[in-house]
Amino acid sequence: MRPLIVIGNWKLNGSLASNESWVKAVCKGMEQGMPAGRMFALCAPFPYLSQCEQLIKECSLAFLSLGAQDVSAHNSGAFTGEVSAAMLKELGCKYVIVGHSERRQMHQETDELVSAKALQALDAGLTPIICVGESADERNSGRETEVVCGQIARQVSVLQDRLADCLIAYEPIWAIGTGKVASAQVAQDMHKAIRLQLAEFNEDVASHVGILYGGSVKPDNAVELFAMPDIDGGLIGGASLNPQDFLAICQA
Ligand code: PEP
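Source: prediction; values computed, not measured. (Residues numbered from 1 in each chain as written. Predicted model: local features only at pLDDT ≥ 70, side-chain atom pairs only at ≥ 80, totals over all residues. Heavy atoms only, no water.)

Student: Got a minute to help me understand the state of the cysteines in this structure?
Tutor: Note on terminology: a disulfide is the covalent bond linking the sulfur atoms of two cysteines. Considering all chains together, one arrives at one disulfide under this definition. Covalently, Cys27 is tied to Cys59 through a disulfide, its sulfur atoms 2.2 Å apart. Its S-S torsion of about -40° marks the bond between Cys27 and Cys59 as left-handed, since a negative value means left-handed. Here Cys27, found in helix α1 (residues 16–31), pairs with Cys59, found in helix α2 (residues 49–59); they are 32 residues apart in sequence, far enough to count as distant. Just as Cys27 is buried, Cys59 falls in that class too. Just so you know, Cys43 is unpaired, no disulfide at all, and the nearest cysteine sulfur is the one on Cys93, 7.7 Å from it. For Cys43, a relative accessible area of 0% translates into the label buried. Residue Cys149 stays outside any disulfide, its sulfur separated by 16 Å from that of Cys131, the closest cysteine. (Disulfide = S-S within 2.5 Å. Helix = DSSP H or I, 4+ residues; strand = E, 2+ residues; numbered from the N terminus. Buried < 20%, exposed > 50% of the residue type's maximum accessible area, 1.4 Å probe, protein only.)

In structure tokens, the structure reads:
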């Protein structure tokens, strides 16, 4: 059985002071009891990873861990500004987001680059969270499944069986930060399409891989989304900035 996983993506937000109160508030809430068998993480900006790792360590909850929001496709060398997977591992990360739509759109990241980043993460012992998702235009023209399954196919062609050690996040671009959440059924249909496509490659991979939903998840829609059979949790942007909202989603 796949565990439910809820991961906060802080994006370009945070400060030393607000991070400290966030982690303390979330730890305090989680210490009061969380549903069994779930896993949680926060993906903080690079400069705050050490601070967050220390704060998470202090509350010593085995089910709360740390992640980063991006990683280099290279392991070392003349790549100014890049951060390697080994560095993230050394800083205590368990997860790293790759191919978020904001990076695909604003930094022209391709599926090839995303799979190279995922491979770096896997080689360093991190779990890559591979983001896929269609734009509003692609959905409005009925091409959403073709687009998303195309993204998945290009990951399968490179990562093969190693996909079993990844997470996939289905994040429709039209739902990210817009308040327009995909209905639970729309999200479930895409998650099922992704799983069926993975099953054509390898049934074991398909049944093991966690597929998270991301896009305007809030405390009031998380219960319905997480109840769907192929939705294994969420990648939470805006709502993860408020510790009480994040806790409510983790409990959903
Ligand atoms: C995200 O950026 O991964 C995301 C899902 O954002 P939001 O929850 O704000 O839509």
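Student: What am I meant to see in the packing of aromatic side chains here?
Tutor: We describe a pair of aromatic rings using the distance from one ring centre to the other and the angle between the two ring planes. For the structure shown, the criterion picks out four aromatic pairs. A ring pair is formed by Trp10 and Trp22, whose centres lie 5.0 Å apart and whose planes are at 80°; its orientation type is edge-to-face. Placement of Trp10 in the loop between β1 (4–9) and α1 and of Trp22 in helix α1 is noted, with a sequence separation of twelve residues between them. Across the pair, Trp22 and Trp10 agree in class, each one buried. Ring geometry for Phe40 versus Phe63: centroids 5.7 Å apart, planes at 85°, classification edge-to-face. Of the two residues, Phe40 is situated in strand β2 (residues 38–43) and Phe63 in the loop between α2 and β3 (64–68); the sequence distance between them amounts to 23 residues. Members of the aromatic cluster, joined through ring pairs, are Trp10, Trp22 and Phe246. (Phe/Tyr/Trp six-rings, centres within 6.5 Å; stacked < 30°, edge-to-face > 60°.)

Student: Mind showing me how you'd approach the packing of α1 against helix α11 (residues 243–251) here?
Tutor: The angle between the axes and the distance between the axes are what describe a pair of packed helices. Axis separation between α1 and α11 bottoms out at 9 Å; the angle between their running directions is 35°. α11 is crossed by α1, and the crossing has right-handed handedness. Residue-level contacts link Trp22, Ala25, Val26, Gly29 and Met30 of α1 to Pro243, Gln244, Phe246, Leu247 and Cys250 of α11. Grouping the amino acids of the contact of α1 with α11 by side-chain chemistry returns eight nonpolar, two polar and no charged. (Axes fitted to C-alpha atoms, helices over the stretch in contact; angles between N-to-C directions. Left-handed = near helix turned anticlockwise from the far one by under 90°. Contact = heavy atoms within 4.5 Å. Nonpolar A, V, L, I, M, F, W, Y, C, P; charged D, E, K, R; others polar.)

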